[in-house]
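# Structure at a glance
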Amino acid sequence: FLKNLYMTVGLFQPLSEGYQENLSSLSGSISYINNSGSTSLMLGSSILKENDISLMGIFSGLSFKDFTMMFEVDLAENLFDGIESSLASYAQLTYKPVQGLHLIAKYDYFDHNYKFSSGSIARYSYGFEIYPFNMLEVKVQSRIYAADGIDLELDTEYLVQVHTWF
């Protein structure tokens with residue numbers, strides 16, 4: 001069990017323009033990763049604390065053969081002025097039918113003020129990613145929004161993104 005457990009911790013106090021600012025930060029993450037045959041599992045949690053602002057979250061991923069499911073939920077305290085709690089989450093299912101092609105369905109959720117029963121935004125994304133050769137990704141997606149208690153009329157978005165790295 002312990003050989004699959006990973007932990008990072010950081011404590012820092014930033015410098016700005018040659019003088020020390022009056023804030024300090026603590027961050028940490030712990031995760032468990034296990035691979036067995038064609039199945040992989042990851043579970044974890046992370047935290048960031050900086051003065052009155054804190055972020056805490058859990059995340060997980062499960063991969064079996066050509067399917068991968070991931071999710072994350074984060075709670076933010078005092079991230080926005082006058083708002084105590086915000087919540088953000090996502091879940092994603094990926095299917096890889098052939099090498100270089102990923103079919104993706106994703107759900108994103110953000111509630112900027114978790115104390116109220118309305119005021120959240122959800123986004124449903126569907127699409128695919130093509131990796132025609134090393135270091136090149138082409139992403140094509142459709143995004144549909146749903147707002148609860150917010151006067152927003154968001155049209156469906158269509159996204160084409162080209163990403164490269166080295």
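This text follows the structure it describes.
Here we summarise the structure given alongside this text.

Parameters at a glance
Residues numbered from 1 in each chain as written. Predicted model: local features only at pLDDT ≥ 70, side-chain atom pairs only at ≥ 80, totals over all residues. Heavy atoms only, no water. Helix = DSSP H or I, 4+ residues; strand = E, 2+ residues; numbered from the N terminus. Rg over C-alpha atoms; globule rule 2.2 N^0.38 Å. Pairing = 2+ DSSP bridges.

Once that is clear, we can look at the overall build of the protein. Counting its secondary structure elements, the protein contains zero helices and twelve strands. In sequence order, the secondary structure elements of the protein are arranged as β-β-β-β-β-β-β-β-β-β-β-β. In summary, the protein has a C-alpha radius of gyration of 19 Å against a globular reference of 15 Å for 166 residues, an excess of more than 25%. Its C-alpha atoms give the protein principal-axis dimensions of roughly 50 × 50 × 35 Å.

Here the focus is the pairing of strand β4 (residues 25-36). The pairing of strand β1 (residues 5-12) with β4 spans eight bridges and is antiparallel. The residue bridging Thr8 from the neighbouring strand is Ser29, located in β4. In this structure, β4 lies alongside strand β5 (residues 39-50), joined through twelve bridges in antiparallel fashion. Following the sheet pairing, Gly28 is matched in β5 by Ile47.

The subject of this paragraph is the pairing of strand β8 (residues 83-98). In summary, the side chains of a regular strand alternate between the two faces of the sheet. Pairing of strand β7 (residues 67-80) with β8 involves twelve bridges; the strand directions are antiparallel. Its bridge partner being in β8, Met69 is matched across the sheet by Leu93. Turn length for the β7-β8 hairpin, with the two strands adjacent in sequence and antiparallel, is two residues, and the turn residue Gly82 shows positive phi of about 80°. In this structure, β8 lies alongside strand β9 (residues 101-111), joined through ten bridges in antiparallel fashion. Looking at β9, one finds that Leu87 is bridged to Asp111. Connecting the antiparallel pair β8 and β9 is a turn made up of two residues, with Gly100 showing a positive phi of about 95°.

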